[in-house]
Amino acid sequence: MKSKHWSLFRAIIQLAFWLIFVGSIVYLHDPLSDVRYGLYPSLSIYSIFIGSITGHTLKYAFLGIAIALLTVLFGRFFCGWICPLGATIDASDTVIETKAKNKQLKKITRIKILILLATLLIAFLGFNATGYSDPITIAYRGYELFLYPFISYLGSEPLSWVLPGYAARDYPFYYYNWIWPAIIFIGILALSLFFKRFWCRVLCPLGAIYALLSHFSLLRRTVDADKCVHCGACVKGCRMGALSSDGTGTIEHECIKCFDCLKHCNYGAIQFRFLPPYKSKSIAHPAQGITRKDLLVVAGSSLMIASTRLTLFAASHESYIIRPPGALPESDFCNACIRCGQCMNVCPTNALHPCMIEAGFYGMFTPRLVSRIGYCDFSCTRCGTICPTGAIQKLSLAKKQTFVIGTAYIIKDLCIPWSESTNCIVCEEVCPVQNKAITLDRKVITNKKGEAVEVLLPVVHTELCIGCGICENRCPVSGGGAIMVRKPKLTMGDSYG
Amino acid sequence: MVKIVCCVKQYNNTGEDYMVTRKSFLNNIKDLLMAIPVAGLPWLKNIYAKDMVSSRDLVVVKAKTITDASIAAMVKVGLQEMGGIERFVKRGSKVIIKPNIAFNSTPDRAHTTNPSLVETVARICKNAGAQVTIMDRPVHNARLCYHSSRIEEAAKRAGVNCEYMNRDRFKTVHVPQGLNLDTVDVYEEILEADCIINMPIAKHHNAAMVSLSMKNLMGVIGGNRGFYHVNLHRNIVDFNKAVKVHLIIMDGLRILTKHGPSSGGPEDIKETKTIIFGINPVMVDTYTAHYLFGIEPSSIGYLSLASNAGMGSINVNTYSVITKTV
C-alpha cells in the first residue's frame, strides 16, 4: 500500500466500526434479536479498569485488554480507528466550523489525565463514574436514547425497505429523560467549535489511558530530515495537534495513528516505523504540566463527587423507581451499572428508561421501569442477558416469572369500577401471572344514581404480584392510571435506616 | 333524522322561546345537512342485510386426536360442508386471515390460535388463488407475539404474508346504529379486503365471560384498547356492526377455561378437539359458549345485546347444525 492510501484505509476501517456500532444498536432493538453479544462497552479498558476497582467484571473483558495490549504496540490507534464517539466527532467536523484548526496545546491536555486520576480516586471511594465519563457509554446513550428514536420514527419507511415490516413493528418509541443524554452528546460534538477533537484531547479518560500506554508504544512517526522542507502541511492537517510547529517532532501520546500527515506530505518525508521508544523520543510526556495544585484539585473534587453518595444527595430510594428484573440491590446496582443503556435498547416494550436525578446523582442514567410507557414482558429476559456488568443479573425464564420488582396498588378513587360502579377489567385481563395476581370481586353495590348494580371490582393479591407493570401500562384512566406499581412495601423503609 | 327530531323536541320543550330566529334557522339547515349522511349511512352500508339472514348454518367438526394431519382433515371436511372455499374466496381476491395472536405466549398455553390450523386455512385459501395476508393487532409487542405464537412461522410454511399492523393506517368508520360508539378506527386493509376470515381461539375471559369470534374483532380496531373495556359488551357489538366478517373458523381444539385471556396453567386447559365453522358471529359464539363452555348464552352480555340488535338469534335450538367427526 502506498503511504498516501493509509489515511483512506483508516477512514474505511473507522466507518466499518461505526457501522457495526450503529448496526448493533438497530439489530439489538429488534425484539427477536440475539442479545448475548453486546460487545461494545467491553472495548473500553477504562470501564474494565474502574470495574475492577469497584468490584464488578465486564463480560468479554478480553476485548478491552487486547486493545490495551495492541496500544502498546501501535499507539493510541483506538481513538482514530474504532471509537464510535471519535468517529462521530470526526464526522461532525464537516458541519462544525472549527475556530483554531491546528491549535497546539501545551498544558490543557493534562486535564484528561486529571479526570482519569479523579475517577480512579472516586472509584476507590466506592463510586463508579464510568457512566459519566467513558466515551463508549456516552456514544451509546447518544445514539440509543436520542438519535435512534428520532431516526426510527421519521425514517421508518426507508428503513423498512431494508428491514421488512420495520415501520409497523411496534414503533414509535422514545426514552423518558432523553434530553440529557442528548445534551451531553451534542455538547461534546459542539466542543469541536474550539478546536478539533476537543473531547479526545482534553477530556476523555479512556484517551488518557491510551495516552499513557502509547507513550511507550513501538509504532512511531519519524521524519526524514533530508526530505522535509518544513512546509507545515502536516501540522495544519493534524486533528490532534500532535506535531511540533516545524513538523518534525511528535507528541506520541496524542498521535492517534490516523495517518493524515502521510496524506498531507508531498515530499514523502514522513514514515511510521516500529522503533524502540528510546530511539524516537516523544517531544512531550502525558503527565506534562501536572502540578501539585492540580493534584489537590483532583483530590478535593473527587472527595466531593464521591460524597454525593452520602445521604444528602444519595438515591432517595423513591418507592416508584422500579428496577428491571434481576437488578442487584440499589446501591450495588448503581455501582455495577456502567450506564451503557443497552438494556433500554433491547427492551421489547420500551419499558426501561434512563433516570436523571430521581435516583440520586449517583443513579444518573441507570435504567428504570416506567410502567406508563412500557411494561415488563412476562416471557422476556433480554435486559439481564445483555447487561455487560451483571448489574442486571441474567435470570432463567422461570426465575424471572417469579422475580418481584414491585407490587401493584389500586387507587380506588380513580379506578373506574371502584369509583363509578362501571365495569372495566383491563388490569385483570392483561395480568400475566399464572393464577392472576389481580382478580375481580363480583359485588352488588349502589351507584351514584342510587341503583343497585353488579360490578366486578379488581383486587390485587400482593403475594402473587411481581410488579411487571402491564396493569399500570394498560389502565384506561388517563394520566397516571388508577393502578400503580411501587416497590414492595417492606423495602420501602430503606431511607429510614 | 335523529338530529332533526332532537331539534324539534328542543323547541317544544322550551315553550315560550318558540320563535325561529335567523340564527336558529341557519342552524337548523346546518343540522339538516349534517343529518343526511348520518341518516343515510345505514342504507348505504347496511352490511348485515344479506349474510345475517340468508345463512343460518353452523358446521361443527370433531376429532379424536389433535395432530397436524387431523386438523387438516377437520378443516377440509368443515369447508366442504360450508359449501367449499370457493364460496368465500374468489380467484385473485384479497383475503385476510385474522387469528388471535394477542399475547406473547407459546401455542401450548392456548392463548393464541393454533398455528397449524392457521397454516391449513391459509394454504387452502392460497390454493384457491387468493392473495392471503395474516394479521392481528396484539396486546403485547407485535413482533414477539407473532414469533412466540408460531403463527409467523406457520405463514411462512404456507407461503403467505404475515404482516404487522401499521398504527398509522387505521381509518375511522361509522358504526351503523352503534350501541355505544359512533365511530371506530378500523385497519385499512380490513376494509379493503374481499374476504375476512376470523379465526379466534375459544377461551375464558373474565370481563366478556368468553372471548370468541366477536371479541376477537377487537384485533382489527385501532385506538386505545383500554377505553373499549369500559362498556365492553356494547363495544364488542359495535365492532361487529362496523366490520363485516365473511367466514369464522373457531379454534376449539384446546380451550382455556379459567384465568383467561392471558394466563392460566395446564390445569385450566381443556381438550375439546372441536372446530366450528360459521358465518354469523352471534351464532358461532352462542354455540361455542353453550357447548364448549357450558354457559347459558343469554347470560353473556354481548350475545344478548347482539340478538336484541337483530344480528342473530341466541336460541341454540333454532340452529341447523351439521356435526361431523373425523
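Note on numbering: residues in each chain are counted from 1, in written sequence order. Chain A is the first chain written and ligand 1 is the first ligand written, with later ones labelled in order. Side-chain atom pairs in this predicted model are given and counted only at pLDDT of 80 or more, local residue features only at pLDDT of at least 70, and totals for whole chains, interfaces and linings cover all residues.

## Description of the overall build of chain A
Point 1. Counting from the N terminus, the helices are the DSSP runs of H or I reaching at least four residues and the strands are the DSSP runs of E reaching at least two. Check the secondary structure of chain A and you find 22 helices and 8 strands.
Point 2. Across its three principal directions, the C-alpha atoms of chain A cover 105 × 55 × 40 Å.
Point 3. Out of the 497 residues belonging to chain A, those deemed buried represent 48%.
Point 4. Contact between two residues is assigned when their C-beta atoms, built from the backbone, lie within 7 Å. For chain A, restricting intrachain contacts to residue pairs at least 6 apart in sequence, the fraction spanning at least 24 positions comes to 75%. A residue is called partly exposed when the number of other C-beta atoms within 10 Å of its own lies between 12 and 20, exposed at 12 or fewer, and buried at 20 or more, with C-beta atoms placed from the backbone.

## A closer look at the overall build of chain B
Point 1. A count of helical and extended segments in chain B gives 13 helices and 12 strands.
Point 2. Put simply, chain B has 326 residues, and 50% of those count as buried.
Point 3. Across chain B, every contact between residues at least 6 apart in sequence was considered, and the portion connecting residues at least 24 apart equals 73%.

## Details of the interface of chain A and chain B
Point 1. Each side of the interface is counted separately: chain A has 31 residues, and chain B has 29 residues.
Point 2. The leading source of residues in the side of chain A that touches chain B is helix α21 (residues 426-430) of chain A, at 4 residues.
Point 3. Residue type decides the class: Asp, Glu, Lys and Arg count as charged, Ala, Val, Leu, Ile, Met, Phe, Trp, Tyr, Cys and Pro as nonpolar, and the leftover types, Gly among them, as polar. By residue class, the composition of the side of chain A that touches chain B is 17 nonpolar, 7 polar and 7 charged.

## Examining the nonpolar core
Point 1. By our criterion, buried Ala, Val, Leu, Ile, Met, Phe, Trp, Tyr and Cys residues that link up through C-beta atoms within 7 Å make up a nonpolar core. One finds V95, I97, V121, A122 and C125 of chain B to be the most contacted residues of the largest nonpolar core, which totals 227 residues.
Point 2. Apart from residues no more than four positions distant in its own chain, V121 of chain B is found in contact with V75, I97, I197, M199 and I249 of chain B.

## Description of the pairing of strand β8 (residues 201-205) of chain B
Residues and elements named next belong to chain B.
Point 1. The buried count for β8 comes to 4 of 5 residues, which makes it a mostly enclosed element.
Point 2. At least two bridges found by DSSP between two strands are what make those strands a pair. In this sheet, strand β10 (residues 247-256) lies alongside β8 in parallel orientation, the contact comprising 2 bridges. Paired with I201 across the strands is D251, a residue of β10.
Point 3. Here β8 pairs with strand β9 (residues 209-211) via 3 bridges, running antiparallel. Directly across from K203, in β9, lies its bridge partner S211.
Point 4. Here β8 folds back onto β9 in antiparallel fashion, the turn holding 3 residues.

## Remarks on the domain arrangement of chain A
Point 1. Each domain's extent is set by a domain assignment, obtained either automatically or from a database. According to the domain assignment, chain A contains domain 1 (5-274) and domain 2 (404-497).
Point 2. Using only C-alpha atoms to locate each centre, domain 1 of chain A and domain 2 of chain A end up separated by 48 Å.

## Re the environment of I425 of chain A
Point 1. By the secondary structure assignment, I425 of chain A is in the loop between α20 (416-420) and α21.
Point 2. I425 of chain A has contacts with L440, L456 and P458 of chain A together with N206, A207 and H229 of chain B, leaving out every residue within four places of it along the chain.

## What to know about the environment of D413 of chain A
Point 1. Tracing the chain through its elements places D413 of chain A in the loop between β5 (407-410) and α20.
Point 2. Considered as a pair, D413 of chain A and F403 of chain A are 10 residues apart in the sequence and their alpha carbons are 29 Å apart.

## Remarks on the confidence of the model for chain B
All names here are of chain B.
Point 1. Taken as a whole, chain B shows an average pLDDT of 84; of its residues, 87% reach a score of 70 or greater.
Point 2. The quantity known as pLDDT measures the predictor's confidence residue by residue, on a range of 0 to 100. Across residues 1-17, where pLDDT falls below 50, the model places 13 contacts with residues more than four positions away in sequence or in other chains.
Point 3. In the predicted structure, residues 45-54 sits below a pLDDT of 50 and forms 8 contacts with residues beyond four places in sequence or in another chain.
Point 4. As scored by the predictor, the complex reaches a pTM of 0.83 and an ipTM of 0.79.

## Considering helix α5 (residues 115-127) of chain B
Residue and element names in this part refer to chain B.
Point 1. The span expected for a helix works out to 1.5 Å for each residue beyond the first. The end-to-end C-alpha separation of α5 is 18 Å, in line with the 18 Å expected for 13 residues at 1.5 Å each.
Point 2. Those residues of α5 that are buried are in contact with α4 (68-81), β2 (94-99), β3 (131-136), α7 (151-158), β7 (195-199) and β10.
Point 3. A positive phi of about 90° marks G129, the residue just after α5.

## A short note on the packing of α5 of chain B against α7 of chain B
Residues and elements named next belong to chain B.
Point 1. The axes used here are C-alpha line fits, helices contributing only the stretch in contact, and every angle between their N-to-C directions lies in the interval 0 to 180 degrees. Put simply, α5 and α7 touch, their axes get as near as 9 Å, and they point 30° apart. Taken together, the axis directions place α5 and α7 in an arrangement best described as roughly parallel. Pair α5 / α7 crosses with right-handed handedness. Seen from α5, the contacting residues are P115, S116, V118, E119, A122, R123 and K126; seen from α7, they are I151, E153, A154, A155, R157 and A158. By the definition adopted for this analysis, an angle is roughly parallel if under 35 degrees, roughly antiparallel if over 145, roughly perpendicular if from 65 to 115, and oblique otherwise. Take the far helix as the reference: if the near one is turned anticlockwise from it by less than a right angle, the crossing is left-handed, and if turned clockwise, right-handed.

## Observations concerning the confidence of the model for chain A
All names here are of chain A.
Point 1. Here chain A averages 87 in pLDDT, while 94% of its residues score no lower than 70.
Point 2. Within chain A, the element-level pLDDT minimum falls on helix α9 (residues 156-162), averaging 80, and the maximum on strand β3 (residues 352-354), averaging 94.
Point 3. In this model, residues 492-497 is a region of pLDDT below 50 whose contacts with residues beyond four sequence positions or in other chains number 5 contacts.

## A word on helix α10 (residues 179-190) of chain A
Residue and element names in this part refer to chain A.
Point 1. For α10, spanning 12 residues, the distance from its first C-alpha to its last is 16 Å, which sits close to the expected 16 Å at 1.5 Å a residue.
Point 2. Of all the positions in α10, only P181, F185, I188 and L189 are classed as buried. Viewed along the axis of α10, the buried residues span an arc of 105°, placing them on a single side of the element. Exposed residues on α10 whose side chains face more than 90 degrees from its buried face are I179 and G187.
Point 3. Each element contacted by the buried residues of α10 is listed here: α5 (84-92), α8 (135-154), α11 (198-203) and β3. Read the arc as the range of directions from the helix axis to the C-beta atoms.

## Structural notes on the pairing of strand β7 (residues 452-460) of chain A
All names here are of chain A.
Point 1. Bridge count between strand β6 (residues 438-446) and β7: 9 bridges; the pairing is antiparallel. Within β7, the position partnered with V444 by the bridge is E454.
Point 2. From the end of β6 to the start of β7, which pair antiparallel, there are 5 residues, and G450 there has a positive phi angle of about 90°.

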